[in-house]
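A look at the structure
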Amino acid sequence: MVKKKKEKEKNTQLDLKIKEPFKNKLLKIKGKTDGYLTQLEVRRFLKDAFFWFAIIISLLMIAYQIYLIVQNIDRIPSLIPVLRYNIQASGKLVHKNLIVIYPILSFIPVLTSIILTSKTYNREKVLTKLLLLGSLLTSISLSVILIQLINSF
């Protein structure tokens, strides 16, 4: 009986039914907003001009590759030498639908460089710039190869 009385007293003492003031709700929202703004300030790579240059030029090259493929898919023969540097002579010619490998191979380094740049920019700026340069050169070189392939027909 004594235990039940003590438990009831504890419950009533803890349950004060005090409502949270409106000012506390505003301060919580302000704290969360400040946290998000701090995270954006930490991500300095978004202010880097070379980051945007490399990403935009790479994406433009990928868009141009897709445009070339869509415009010229009808006039390309059914078997084309997409895999030019394959050692086996029988493996050089493949179906023309495999030409979509060029935009895919261009997009993978761009996506990888965006992810790695966002994670390591503050620690290794030179390394991330080299990574961005590599993805830019990859998309440019694959665009040139695709242009040569399409112009050969």
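This text goes with the structure placed above it.
Bear in mind that the values here come from a model prediction, so they are computed numbers and not experimental data.

The rules we used
Residues numbered from 1 in each chain as written. Predicted model: local features only at pLDDT ≥ 70, side-chain atom pairs only at ≥ 80, totals over all residues. Heavy atoms only, no water. Helix = DSSP H or I, 4+ residues; strand = E, 2+ residues; numbered from the N terminus. Buried < 20%, exposed > 50% of the residue type's maximum accessible area, 1.4 Å probe, protein only. Contact = heavy atoms within 4.5 Å. Phe/Tyr/Trp six-rings, centres within 6.5 Å; stacked < 30°, edge-to-face > 60°. Expected span 1.5 Å × (residues − 1). Arc of directions from axis to C-beta. Axes fitted to C-alpha atoms, helices over the stretch in contact; angles between N-to-C directions. Parallel < 35°, antiparallel > 145°, perpendicular 65-115°, else oblique. Left-handed = near helix turned anticlockwise from the far one by under 90°. Patch = residues over 30% accessible without salt bridge, like charges linked within 9 Å, V, L, I, M, F, W, Y side chains within 5 Å. Areas by Shrake-Rupley, 256 points an atom, 1.4 Å probe, with all protein chains shown as cover. Salt bridge = Lys/Arg side-chain N within 4 Å of Asp/Glu carboxyl O. Core = buried A, V, L, I, M, F, W, Y, C linked by side-chain atoms within 4.5 Å.

Now for the overall build of the protein chain. If you tally the helices and strands in the protein chain, you get 5 helices and 2 strands. In sequence order, the protein chain lays out its α and β elements as α-α-α-β-β-α-α. Put simply, the protein chain has 153 residues, and 23% of those count as buried. Expressed as a percentage of contacts within the protein chain between residues at least 6 apart in sequence, the contacts between residues at least 24 apart total 64%.

As a further point, take the packing of aromatic side chains. Inspection of every chain in the model, using the stated rule, returns 3 aromatic pairs. Taking 5.2 Å as the distance between ring centres and 75° as the angle between the ring planes, the aromatic pair formed by Phe-51 and Trp-52 counts as edge-to-face. Note on Trp-52: relative accessible area 39%, which makes it partly exposed.

Taking 1.5 Å as the rise per residue, helix α3 (residues 49-72) with 24 residues should run 34 Å; its terminal C-alpha atoms sit 34 Å apart, in good agreement. Turning to α3, its buried residues number three or more, namely Phe-51, Ala-54, Ile-55, Ser-58, Ile-62, Gln-65, Leu-68, Ile-69 and Asn-72. Contacts made by the buried residues of α3 are with α4 (101-120) and α5 (125-151).

Once that is clear, we can look at α4. A rise of 1.5 Å per residue sets the reference length of α4, with its 20 residues, at 28 Å; its end C-alpha atoms lie 29 Å apart and thus fit the reference within 8%. Listed in full, the buried residues belonging to α4 are Tyr-102, Pro-103, Ser-106, Val-110, Ser-113 and Thr-117. The buried side chains of α4 occupy one side of the element, clustering within an arc of 100° when seen end-on.

This part is about the packing of α3 against α5. Two quantities define a packed helix pair, namely the angle between the axes and the distance from one axis to the other. Closest axis-to-axis distance for the α3/α5 pair is 9 Å, and the angle between their directions is 20°. On the basis of their axis angle, the class for α3 and α5 is roughly parallel. When you trace α3 past α5, the crossing you get is left-handed.

What follows deals with a nonpolar patch on the surface. Side chains of Val-126, Leu-130, Leu-133, Leu-137, Ile-140 and Val-144 sit close together on the surface and give an oily, nonpolar patch of about 520 Å² of accessible area. Within the fold, Ile-140 resides in helix α5.

We now examine the nonpolar core. Among the nonpolar cores identified, the biggest contains 12 residues, and these are Leu-68, Ile-69, Ile-76, Ile-80, Val-82, Val-94, Ile-99, Tyr-102, Leu-142, Leu-146, Leu-149 and Ile-150. Of all elements in the fold, only α3 and α5 reach the threshold of two or more residues within this core. Ranked by the residues each element gives to this core, the list is headed by α5, at 4 residues. Discounting chain neighbours no more than four positions away, the residues touching Val-82 are Lys-92, Val-94, Leu-98, Ile-99, Ile-101, Tyr-102 and Leu-149. One finds Phe-51, Ala-54, Ile-55 and Val-110 within the second-largest nonpolar core, a separate group that totals 7 residues.

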